[in-house]
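Structural overview for review
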Amino acid sequence: HVQLVESGGGPVQPGGSTRLSCAASGFSGRKVSMAWFRQAPGKEREGVATVSTLTGLTVYDDSVKGRFTISQNSAKNSVWLQISSLTPEDTAMFYCAADSYPCFGGFDPDDYSVWGQGTQVTVS
C-alpha cells in the first residue's frame, strides 16, 4: 500500500516562513514524481512546485517562484516545501502528491495517483 505522510503547516504571521514535509512509502524503491498543490477557500486546486526524485528537476508555478523552494531526498522519496514572505493570499490547504512515473514535471493533478491528507496553512 502506497501512502504519503505530511507534516508542518499551521498558523503563521504575514511576512513569516513555514516548512512543509512529505514522506512517501510503499513505492518499493521506485523513483517518483512528487509535487505540492494548494487550494484556497473558494478557489480551484493549483500546483505550486514539483520535483523528480530520479533527476532532481524542479518546476515552480510563476505565482510562487522566488518565495517557494522544493527539495527532496531521492533515497527516501521525501520532499520538503520551504515558504517565505507569506501573505494572507497564501492561506490554503496544501497537498502533497506523488506518482510512480518519475518524469512528469508538471501540474496536472490527474497525473498524480497518490495524495496526502493535506495540511492547512493560515496566514493572518
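Now for a description of the structure that goes with this document. Within each chain, residues carry numbers counting from 1 in the order of the written sequence. The predicted origin of the model limits local features to residues at a pLDDT of at least 70 and limits the giving and counting of side-chain atom pairs to 80 or more, whereas totals for whole chains, interfaces and linings rest on all residues. In computing side-chain values, all of the structure's heavy atoms are included and hydrogens and water are not.

**Structural notes on the overall build of the protein**
To keep it simple, the criterion reads: Strands here mean DSSP runs of E at least two residues long; helices mean DSSP runs of H or I at least four residues long; both are numbered from the N terminus. Note that the radius of gyration is over C-alpha atoms, with the globule rule given as 2.2 Å times the number of residues to the power 0.38. Note on exposure labels: buried denotes an accessible area under 20% of the residue type's maximum, exposed denotes more than 50%, and partly exposed covers the range between, all computed with a 1.4 Å probe on protein chains only. Whether two residues are in contact is decided by their heavy atoms, any of which lying within 4.5 Å being enough. Each accessible area is a Shrake-Rupley result for a 1.4 Å probe, and residues are judged covered by the shown protein chains and nothing else. Two residue types count as positive, namely Lys and Arg, and two as negative, namely Asp and Glu; His and chain ends fall outside the count. For charged residues, the charge sits on one atom: NZ in Lys, CZ in Arg, CG in Asp, CD in Glu.
Counting its regular elements, the protein contains zero helices and eleven strands. From first element to last, N terminus to C terminus, the protein shows the α and β order β-β-β-β-β-β-β-β-β-β-β. On C-alpha atoms alone, the protein measures out to a radius of gyration of 13 Å, which is about the 14 Å that the 2.2 N^0.38 rule sets for 124 residues. When its C-alpha atoms are laid out on the principal axes, the protein stretches across 40 × 25 × 25 Å. The proportion of buried residues among the 124 residues of the protein is 41%. For the protein, contacts bridging at least 24 residues in sequence account for 60% of all contacts bridging at least 6. Of the roughly 6100 Å² that the protein leaves accessible, carbon and sulfur atoms contribute 48%. One finds the centroid of the 9 positive side-chain charges in the protein at a distance of 10 Å from the centroid of its 11 negative side-chain charges.

**A look at the side chain of Ser-78**
Within the fold, Ser-78 resides in strand S8 (residues 78-83). Setting aside residues no more than four positions away along its own chain, Ser-78 makes contact with Cys-22, Ala-23, Met-34, Ser-71, Gln-72 and Asn-73.

**Remarks on the state of the cysteines**
Inclusion rule: When two cysteine sulfur atoms lie within 2.5 Å, the pair is treated as a disulfide.
Applying the stated criterion across every chain yields a total of one disulfide. Sulfur-sulfur distance for the disulfide between Cys-22 and Cys-96 comes to 2.1 Å. Residues Cys-22 and Cys-96 are joined by a disulfide whose S-S torsion is about -85 degrees; by sign, that bridge is left-handed. Linking Cys-22 in strand S3 (residues 18-25) with Cys-96 in strand S9 (residues 92-99), this pair joins segments that are 74 residues apart in sequence. Its relative accessible area of 2% is what places Cys-22 among the buried residues. By relative accessible area, Cys-96 is classed as buried at 0%. No disulfide involves Cys-103; its sulfur sits 18 Å from that of Cys-96, the nearest cysteine.

**Quick notes on the sheet that holds S3**
Defined as follows: Two strands make a pair as long as DSSP finds a minimum of two bridges between them. Whenever a helix is involved, its axis is fitted only over the stretch in contact; in every case the axis is a line through C-alpha atoms, and angles between N-to-C directions fall within 0 to 180 degrees.
Spatial strand order, S1-S3-S8-S7: four strands in an open sheet with antiparallel pairing. Strands at the two margins of the open sheet, each flanked by one partner only, are strand S1 (3-7) and strand S7 (68-73). Each adjacent strand pair in this sheet contributes to an overall mean axis angle of 15 degrees, direction not counted. Here S3 runs beside S8; their pairing, made up of six bridges, is antiparallel. By the bridge assignment for S8, Leu-20 is matched with Leu-81.

**Some remarks on the pairing of S8**
Note: S7 against S8, six bridges, orientation antiparallel. Bridge pairing links Ser-71 to Trp-80 in S8. Between S7 and S8, which pair antiparallel in sequence order, lie four residues; one of them, Asn-77, sits at a positive phi of approximately 50 degrees.

**Section: the pattern of salt bridges**
For the record, the criterion: A pair is scored as a salt bridge if a Lys or Arg side-chain nitrogen falls within 4 Å of a carboxyl oxygen belonging to Asp or Glu.
Under the criterion given, the structure shown has three salt bridges. When the shortest N-O distance is used, the salt bridge between Asp-90 and Arg-38 registers 3.0 Å. A residue pair is termed long-range when its members are at least 10 positions apart, and Asp-90 in the loop between S8 and S9 and Arg-38 in strand S4 (residues 33-39) qualify at 52 residues. For Arg-67, the salt bridge identified is with Asp-90, shortest N-O distance 2.9 Å. Placement of Arg-67 in the loop between strand S6 (58-60) and S7 and of Asp-90 in the loop between S8 and S9 is noted, with a sequence separation of 23 residues between them. Residue Asp-90 is classed as buried on the basis of its relative accessible area, which comes to 2%. In this structure, a network of salt bridges that share partners links the residues Arg-38, Glu-46, Arg-67 and Asp-90.

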